[in-house]
Amino acid sequence: MALHLSISQSPVAHKAVKALLLLAITYLLFGLLLGVIGGFQYILPPFLKEQLAFHKTRPLHVYLVIAWLFTAAQAGIYYYLPTAIRPLFWPQGVWLHFILQAAVSVLIITCFFMGYFGGREYLEFPPWLGIFVLLPWVPFAVNFFFTLKPDYKNAPVYVWSWSTGIIFFFITLSESYLWLFSSFGNNIIRDVTIQWKALGSMVGSWNMLIYGTGMYIMEKMSGDSKACRSPLAFFFYFLGLTNLLFNWGHHTYIVPAAPWIKTVAYIISMTELLILAHIILQWRKTMTRARKTYHSIPYRLLSFADAWILLNLTLAIAISVPAWNFYTHGTHITVAHAMGSTIGINTMLLLASVFYIIRKENPGLLEKKKKISGYGILITNISLLVFWISLLGSGMERISGKLNNEVFYTIMKKSRSWFNLFAYSGIVVLLGLVILLAVAISVIRSKPGIPDVSDMYHGAN
Amino acid sequence: MAKIVVACSLMAIYLLYSFFVYTKGTENLIHLAAEEQVRVNKGKALFQQHNCIACHQLYGLGGYLGSELTTAYSDPQRGELWIRTFLQAGGERMPDFHFNAAEIDALISYLKYVDSTATTYKHQ
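Everything numeric here is computed off the predicted structure, so don't read it as measured data. (Residues numbered from 1 in each chain as written. Chains lettered and ligands numbered in written order. Predicted model: local features only at pLDDT ≥ 70, side-chain atom pairs only at ≥ 80, totals over all residues. Heavy atoms only, no water.)

Novice: Where do I start with the interface of chain B and chain A in this structure?
Specialist: Note on interface size: it is often stated as the accessible area lost on association of the parts. Contact with chain B, which involves 55 residues of that partner, is made by 70 residues of chain A. When chain B packs against chain A, close to 5,500 Å² is buried across both sides, 64% of that on carbon and sulfur atoms. On the chain B side of the contact with chain A, Tyr 14, Tyr 17 and Tyr 64 of chain B bury the most area, a combined 14% of that side's loss. The interface formed by chain B and chain A contains 1 salt bridge. (Contact = heavy atoms within 4.5 Å. Buried area = accessible area lost by both parts, 1.4 Å probe. Salt bridge = Lys/Arg side-chain N within 4 Å of Asp/Glu carboxyl O.)

Novice: When you look at the nonpolar core in this model, what are you seeing that I'm missing?
Specialist: Nonpolar side chains in soluble globular proteins tend to end up buried together. Membership of the largest hydrophobic core comes to 174 residues, with the highest contact counts inside it found for Trp 68, Phe 125 and Phe 355 of chain A together with Phe 47 and Tyr 59 of chain B. With 19 residues, helix 3 (residues 54–84) of chain A is the single largest residue contributor to this core. Aside from chain neighbours lying at most four places away, what touches Phe 355 of chain A is Ile 297, Pro 298, Leu 301, Leu 366, Ser 373, Leu 436, Val 439 and Ala 440 of chain A. (Core = buried A, V, L, I, M, F, W, Y, C linked by side-chain atoms within 4.5 Å. Buried < 20%, exposed > 50% of the residue type's maximum accessible area, 1.4 Å probe, protein only. Helix = DSSP H or I, 4+ residues; strand = E, 2+ residues; numbered from the N terminus.)

Novice: In this structure, what is going on with the packing of helix 4 (residues 91–114) of chain A against helix 6 (residues 137–148) of chain A? I would like to understand it.
Specialist: The relative placement of two packed helices is expressed as an angle between their axes plus a distance between the axes. All names here are of chain A. Taken N-terminus to C-terminus, the directions of helix 4 and helix 6 make an angle of 155°; their axes are 8 Å apart at the nearest point. Considering their axes alone, helix 4 and helix 6 lie roughly antiparallel with respect to each other. In this structure, helix 4 crosses over helix 6, and the sense of that crossing is left-handed. Between helix 4, through Gly 93, Val 94, Leu 96, His 97 and Leu 100, and helix 6, the contact on the second element is made entirely by Pro 139, Phe 140 and Asn 143. (Axes fitted to C-alpha atoms, helices over the stretch in contact; angles between N-to-C directions. Parallel < 35°, antiparallel > 145°, perpendicular 65-115°, else oblique. Left-handed = near helix turned anticlockwise from the far one by under 90°.)

Novice: It is not clear to me how the side chain of Ser 176 of chain A should be interpreted in this structure. Could you clarify?
Specialist: All names here are of chain A. Tracing the sequence through the fold places Ser 176 in the loop between helix 7 (157–175) and helix 8 (182–185). In this structure Ser 176 comes out as buried when scored by relative accessible area, which is 6%. A polar contact of 2.7 Å, which involves the side chain of Ser 176, links it to the backbone oxygen of Leu 173. (Polar contact = N/O pair within 3.5 Å; in protein donor to acceptor, adjacent residues only side chain to side chain.)

Novice: I would appreciate a short explanation of the pattern of salt bridges in the present structure.
Specialist: Opposite charge on two side chains makes pairing possible when the charged atoms of those side chains draw close. All chains considered together, the criterion is met by 14 salt bridges over all chains. Across the salt bridge formed by Arg 84 of chain B and Asp 105 of chain B, the nearest N and O atoms sit 3.2 Å from each other. Here Asp 105 of chain B lies in helix 4 (residues 101–117) and Arg 84 of chain B lies in helix 3 (residues 79–89), a separation of 21 residues in the sequence. Here the residues in one salt-bridge network are Arg 58, Glu 121 and Glu 124 of chain A, joined through shared partners.

Novice: Is there a simple way to explain the confidence of the model for chain A in this structure?
Specialist: In low-pLDDT segments, the atomic positions of the prediction should not be examined closely. Residue and element names in this part refer to chain A. For chain A, per-residue confidence averages 89 on the pLDDT scale, and residues scoring 70 or more make up 92% of the total. The model gives residues 1–7 a pLDDT under 50, and that stretch makes 14 contacts with residues more than four places away or in other chains. Confidence over residues 456–461 falls short of pLDDT 50; this stretch has 25 contacts with residues more than four positions distant or in other chains. (pLDDT = per-residue confidence, 0-100.)

Novice: Just to check I follow, could you spell out helix 2 (residues 34–49) of chain B for this structure?
Specialist: Each α-helix winds once per 3.6 residues, and so residues spaced three or four apart point in a common direction. Spanning 16 residues, helix 2 of chain B covers 22 Å between terminal C-alpha atoms, matching the ideal 22 Å at 1.5 Å per step. Within helix 2 of chain B, the full set of buried residues consists of Gln 37, Val 40, Gly 43, Lys 44, Leu 46, Phe 47 and Gln 48 of chain B. Contact partners of the buried residues in helix 2 of chain B: helix 8 and helix 9 (188–222) of chain A together with strand 1 (57–58) and helix 4 of chain B. Of the residues trailing helix 2 of chain B, Asn 51 of chain B is marked for its positive phi of about 50°. (Expected span 1.5 Å × (residues − 1).)

Novice: How should unusual backbone geometry be read in this particular structure?
Specialist: For residues that are not glycine, phi is negative in most cases, and the peptide bond is trans in most cases. Despite not being glycine, Leu 48 of chain A shows a phi value in the positive range, around 55°. Looking at where Leu 48 of chain A falls in the secondary structure, it is placed in the loop between helix 2 (11–43) and helix 3. Despite not being glycine, Tyr 59 of chain B shows a phi value in the positive range, around 50°. The topology assignment puts Tyr 59 of chain B in the loop between strand 1 and strand 2 (61–62). The buried category is assigned to Tyr 59 of chain B, whose relative accessible area is 0%.

Novice: I tried to follow a nonpolar patch on the surface on my own but got confused; where do I start?
Specialist: Residues and elements named next belong to chain A. Taken together, the side chains of Leu 107, Met 114, Tyr 116, Trp 128, Ile 131, Phe 132, Leu 135 and Val 138 define a hydrophobic patch exposed on the protein surface, amounting to about 780 Å² of accessible area. Put simply, the parts of the chain that give the nonpolar patch at least two residues each are helix 4 and helix 5 (129–134). Relative to the helices and strands, Trp 128 is located in the loop between helix 4 and helix 5. (Patch = residues over 30% accessible without salt bridge, like charges linked within 9 Å, V, L, I, M, F, W, Y side chains within 5 Å. Areas by Shrake-Rupley, 256 points an atom, 1.4 Å probe, with all protein chains shown as cover.)

Novice: Looking at this structure, I do not really get empty space enclosed by the protein. What am I missing?
Specialist: Over the atoms, a rolled probe matching the size of one water molecule traces out where space is still vacant. On inspection of all chains with the given rule, the structure shows 8 cavities of 30 Å³ or more. Taken as a whole, the largest cavity spans an internal volume of roughly 130 Å³. Lining the largest cavity we find 14 residues, and of these Arg 120 and Gln 195 of chain A together with Ile 53, Leu 58 and Tyr 110 of chain B sit closest to its centre. Among the elements of the structure, helix 9 of chain A together with helix 2 of chain B are those that each provide at least two residues to the lining of the largest cavity. A per-element tally of the lining of the largest cavity places helix 9 of chain A first, with 4 residues. (1 Å grid on protein atoms, 1.4 Å probe; cavity = no way out; pocket = protein on both sides within 12 Å on 5 of 7 lines; lining within 4 Å. Points joined across faces, edges and corners; volume = space filled by probe spheres on them.)

Novice: Any chance you could explain the side chain of Ser 201 of chain A here in plain terms?
Specialist: All names here are of chain A. With respect to the secondary-structure elements, Ser 201 resides in helix 9. Residue Ser 201 is classed as buried on the basis of its relative accessible area, which comes to 0%. A polar side-chain atom of Ser 201 sits 2.8 Å from the main-chain carbonyl oxygen of Leu 244. If we ignore the near neighbours within four places in the chain, the residues touching Ser 201 are Thr 172, Leu 244, Leu 245 and Trp 248.

Novice: Is there a simple way to think about the environment of Val 65 of chain A in this case?
Specialist: All names here are of chain A. With respect to the helices, strands and loops of the structure, Val 65 is situated in helix 3. Residue classification places Val 65 among the buried residues on the basis of a relative accessible area of 11%. Excluding its chain neighbours within four sequence positions, the residues that come into contact with Val 65 are Gly 31 and Thr 342.

Novice: Explain the packing of aromatic side chains here, please?
Specialist: By convention here, two paired aromatic rings are described through the distance between centres and the angle between planes. Counted according to the given criterion, the structure contains 45 aromatic pairs over all chains. Judged by centre distance (5.3 Å) and plane angle (75°), the rings of Tyr 42 of chain A and Phe 422 of chain A are edge-to-face. Within this pair, whereas Tyr 42 of chain A is found in helix 2, its partner Phe 422 of chain A is found in helix 19 (residues 416–444), the two being separated by 380 residues in sequence. Phe 422 of chain A shares its class with Tyr 42 of chain A; the two are buried. Above the plane of the ring of Trp 82 of chain B lies Arg 78 of chain B, whose end atom (NZ or CZ) is 5.4 Å from the centre. (Phe/Tyr/Trp six-rings, centres within 6.5 Å; stacked < 30°, edge-to-face > 60°. Lys NZ or Arg CZ within 6 Å of the ring centre and 35° of its normal.)

Below is the structure:
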């Protein structure tokens, strides 16, 4: 058995994984900064209106934050595969991935700054760039499937989760470009329905990568390799997969497509109640674990992710009820759900993964920065809660305006105090995350310390 | 083995369901004259090229800084003139995109077409 990480991970791949991690962190930092600028464009309409108007800041923010999610998840998987399974099949492929990913990002960001758009939700870059977005995923998929050579009969649930995430990213990104064919693009009802279908499942695909990562580090830290192979774990995996495949339709209640599309979506969305019930039943156990392991930064991040799952799932189920969805859809309540998922759940899980990796690489240095990291976690989560509430408040204001038949200008004026709250709390979220990311960058860029190899090859399949 | 059977079954149902969504239940109920279809397509292309979706929504897709546009055309408080005014000069938050007259007409044709499909909005 290997005694050092760099023995199980080739030096070439090891450096490339660090570079990918730094790229992911860079995406998040700039994504957050553009989010803050976008927030201020709500309360100061002329702010950068000519130089960097909202139709540029929003796609930049969205692209960079999504890129953070999948790049950080991919970097983690590259790191974990050789630790848990065997050396990477194609170490140079990680560099190829990094170079392609960085090049595509430069192209996309340049297009946005120059005002060259494709104008599709989430995928606001010109359509020809869609194929380039897929390119970095090719060396990643090759490395994943050829290193793992998955034996799905016996594989733990996170291997299923990762595999699903990779396969469905290819499927859903391709599906989201069906509008280029006239039988889809010239029919707004079909176009919007399929756009929601593809994007809803695409979010599910990167969630699968991230949840797999969360389950992996949980297994390694707890030392319990049975939990990720249990029937209960697979029940919830298949429930999640069913939701990935079919629950997108709750976004289309307002679209005049056939009623059966909405009925299927409603039934599937309500299966999330089982997940919610499970979380509530497990809550006491989760709290006990959180108290016991509060000293560990990755565990602390996982505990906050748990709390956000509870809040956000409750909100998701509520807004999936058609009678409520009619009012909440198209308001900041949907944004609260998106932000709670992206920052509260996904970013907390990914930061747990980043801190798990850097703790393994240089536990001594991280120990010295534990206190400041703890402040970063607290500041981020408290300000995120305020941010989340302000979005709900703004959404409620819009619903009230719509019910009273008020014009858009009046609704925006009445929402101003909520917009102030989300713009200023957004700055504090940025501050909290900058603290955490600065710690992560300093440890990643430091000279190698004595690595922690305590859980290597634990639970290898 | 059971896990692989469940996964394959779900995948098969997903493919079948996707085929249905692509072909049934989302049929085109509004048939435009060829000339109007060309203008609508041009309007849609302009809508996308200027990334209008970043601030405005159509059927819930898009940003919230600007107003929802699905039924802007038939809304008694907004309507064609309201849309035309913003397209000609921008607004407090909306930049002036310097559209020419033909482009404005194309964008209005597109929004009129979207509005004509929005039966769910008008029935509730």
